[in-house]
Amino acid sequence: MPSVRSRHARVTAAAVASLFVLGAATPALATPHATGRPAAASAHHRAPLPTSYTIPGDKTYPEGIARQQGTPYFYVGSTADGTIYRGDVHQPATRVFLPGGEDGRTSVAGMKTDRTGRLIVAGGATGKVFVYDTRSRALLHVFDTGRTDVFLNDVALAPNGDAYISDSTHPALWHITAAQLKSEHVQQPLHVGVDLSHSPMLYNDGFNGNGLVVTGDGRYVLLADYNDYAFYRVDVRTHKVVRVDLGGAEGVSGDGLLLRGDTLTAVTELDHPEGQISVLKLSHDYTRAKLVRTVHGHGMHSPSTAAVDGRDLLIVNFQFQITNPHLPFDIVRADLQ
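Residues numbered from 1 in each chain as written. Predicted model: local features only at pLDDT ≥ 70, side-chain atom pairs only at ≥ 80, totals over all residues. Heavy atoms only, no water.

### Quick notes on the sheet that holds strand β10 (residues 152-157)
Point 1. Spatial strand order, β10-β11-β12-β14: four strands in an open sheet with antiparallel pairing. One side of each edge strand has no neighbouring strand; the edge strands of this open sheet are β10 and β14 (191-195). Mean inter-strand twist for the sheet, computed between neighbouring axes without regard to direction, equals 30 degrees.
Point 2. Pairing analysis gives three bridges linking strand β11 (residues 163-167) to strand β12 (residues 172-176), with the strands arranged antiparallel. Directly across from isoleucine 165, in β12, lies its bridge partner tryptophan 174. (Pairing = 2+ DSSP bridges. Helix = DSSP H or I, 4+ residues; strand = E, 2+ residues; numbered from the N terminus. Axes fitted to C-alpha atoms, helices over the stretch in contact; angles between N-to-C directions.)

### Focus on the packing of aromatic side chains
Point 1. For the structure on display, the rule yields seven aromatic pairs.
Point 2. Pairing tyrosine 75 with phenylalanine 97 gives two aromatic rings, centres 5.1 Å apart and planes at 65 degrees, and the pair type is edge-to-face. Taken together, the residues tyrosine 75 in strand β3 (residues 73-78) and phenylalanine 97 in strand β5 (residues 95-98) connect sequence positions 22 residues apart.
Point 3. Residue tyrosine 75 is classed as buried on the basis of its relative accessible area of 0%.
Point 4. Phenylalanine 97 gets classed as buried once you look at its relative accessible area, which sits at 3%.
Point 5. One Lys or Arg, arginine 86, reaches over the ring of tyrosine 73 and ends 4.1 Å from the middle of that ring. (Phe/Tyr/Trp six-rings, centres within 6.5 Å; stacked < 30°, edge-to-face > 60°. Buried < 20%, exposed > 50% of the residue type's maximum accessible area, 1.4 Å probe, protein only. Lys NZ or Arg CZ within 6 Å of the ring centre and 35° of its normal.)

### Details of the pattern of salt bridges
Point 1. The full count for this structure, using the stated rule, is 11 salt bridges.
Point 2. Residue aspartate 133 pairs with arginine 135 through a salt bridge whose shortest N-O separation is 3.7 Å.
Point 3. Residue aspartate 133 is classed as buried on the basis of its relative accessible area, which comes to 17%.
Point 4. The salt bridge partner of lysine 281 is aspartate 262, with a shortest N-O separation of 3.5 Å. Here lysine 281, found in strand β21 (residues 276-282), pairs with aspartate 262, found in the loop between β19 (256-260) and β20 (263-268); they are 19 residues apart in sequence, far enough to count as distant.
Point 5. Residue class for lysine 281 comes out partly exposed when judged on its relative accessible area of 39%.
Point 6. A residue is classified by how much of its surface remains accessible, and aspartate 262, at 39% relative accessible area, is partly exposed.
Point 7. Taken together, the shared-partner salt bridges connect Arg67, Asp309, Asp312 and Arg333 into one network. (Salt bridge = Lys/Arg side-chain N within 4 Å of Asp/Glu carboxyl O.)

### Observations regarding the pairing of β11
Point 1. Of all five residues in β11, five are buried, a share of seventy percent or more.
Point 2. Taking every second residue as pointing to the same face, both faces of β11 are buried, with Ala163, Ile165 and Asp167 on one and Tyr164 and Ser166 on the other.
Point 3. Both β10 and β11 contribute to a ladder of four bridges, which runs antiparallel. Note that in β11 the partner of alanine 156 across the bridge is tyrosine 164.
Point 4. Where β10 hands over to β11, the hairpin turn is made up of five residues, of which glycine 161 adopts a positive phi near 95 degrees.
Point 5. Linking β11 to β12, which pair antiparallel, is a turn of four residues.

### What to know about the layout of surface pockets
Point 1. Each pocket or cavity is described by its volume, and for the second largest pocket that value is around 150 Å³.
Point 2. Arg86, Gly87, Asp88, Gln91, Ala93, Arg95, Val96, Phe97 and Arg137 together form the lining of the second largest pocket.
Point 3. Of all the secondary structure elements, the ones that give two or more residues to the lining of the second largest pocket are β4 (84-88) and β5.
Point 4. By residue class, the composition of the lining of the second largest pocket is three nonpolar, two polar and four charged. (1 Å grid on protein atoms, 1.4 Å probe; cavity = no way out; pocket = protein on both sides within 12 Å on 5 of 7 lines; lining within 4 Å. Points joined across faces, edges and corners; volume = space filled by probe spheres on them. Nonpolar A, V, L, I, M, F, W, Y, C, P; charged D, E, K, R; others polar.)

Laid out in structure tokens, this is it:
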């Protein structure tokens, strides 16, 4: 894979073209806090399930994914034009759910579905978060930073219904409250939850804040620094930021994160075009992590993120800015247990 510097060059070019959206998700076997809730897949699954799911188009470059609890559906977005696709875990092909460009949604990155059926979508360089009703497809909210120097990358849901959004280019952790999500107001400002500008997490050239998850008690956000192969624990009450000690482990990067209990799973293609999934065990206070194993293969092609589906992970093959991507674009199913 390219160096961080060369990667920054391609990221910058993509952002200017309003195509680039990088999201997050890392596989960690089942992650209630990365996916909102564990997918109630057992009620819907009937064997055999497809091993992959195709996504239309030869310039789609899919990035974020959300598995909707209690249904057979998952959602995936295109960084190229903001189209959102919906798939059924029993069917091998996805279909357009929301056309690109609608509502100013010209690019999308990370996304999550909550227990009420809302789809919450980070809008990358648009500086906006879009929220839709998955039943009616209606636009419920647009949360707007009002800034042009941001890249809203990924979404994580807290147990109380709040949402946190990572920013890859501006040192902030953005926050949407459960009350805001319940409000009847469509257009709302997006507020900073934690200012990271004077924290140990330094924002340099390239992509910084990326994958994120909320701990089970709702107290902390674990945030990946994609540029620096680092992870940070952000206290959402005190705003204190602590770097997670990886015990000397190298090459652990978090494009997408998943969390279950004390197991953190990270998906990335940084330096690993074939894809790499890192599984880490966390200390009780989330300040230390031990790399347990890394996983390659499973049909990955420069993946960005993943969602939990029963025992499996649904892994998005992003292939961002690859001149001759492996077509069709797809999502692969992998049992890592």
